[in-house]
Amino acid sequence: MVLEQADRYFGALGLSRSGADARARAYVGALGTMTLSVRMEGGHYTFVEVHTDQVGESRLDKNVKRYFNALHRAADPRHLIEAGY
């Protein structure tokens, strides 16, 4: 589910998939370059890690945060996303 949703989400942003394997993806486009990896973490939890080539609060970084919110909502529609400050 995580990787399929990433393909749809980042594809809609104009990023092309430049690499893939069973648990990772790489995307490249006008917003920058990013890698996404997934691994199991203790029981039923999934650890999703993303790295971008951008610094600070770039448009790509902001869209990665939106992706995490969408991913969380897909897993648990009742969960409310709140600010962490």
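Residues numbered from 1 in each chain as written. Predicted model: local features only at pLDDT ≥ 70, side-chain atom pairs only at ≥ 80, totals over all residues. Heavy atoms only, no water.

(A) Expanded view of the packing of aromatic side chains. By the definition in use, this model includes 5 aromatic pairs. The interplanar angle of 50 degrees and the centroid separation of 5.7 Å between the aromatic rings of Tyr9 and Tyr67 together place this pair among those described as tilted. Taken together, the positions of Tyr9 in helix H1 (residues 2-12) and Tyr67 in helix H2 (residues 59-75) put the pair 58 residues apart, joining distant regions of the chain. Measuring from ring centre to ring centre gives 5.9 Å for Tyr67 and Phe68, while their planes differ by 50 degrees; the resulting arrangement is tilted. For Tyr67, a relative accessible area of 0% translates into the label buried. Note on Phe68: relative accessible area 32%, which makes it partly exposed. (Phe/Tyr/Trp six-rings, centres within 6.5 Å; stacked < 30°, edge-to-face > 60°. Helix = DSSP H or I, 4+ residues; strand = E, 2+ residues; numbered from the N terminus. Buried < 20%, exposed > 50% of the residue type's maximum accessible area, 1.4 Å probe, protein only.)

These figures come from the coordinates and say nothing about function on their own.
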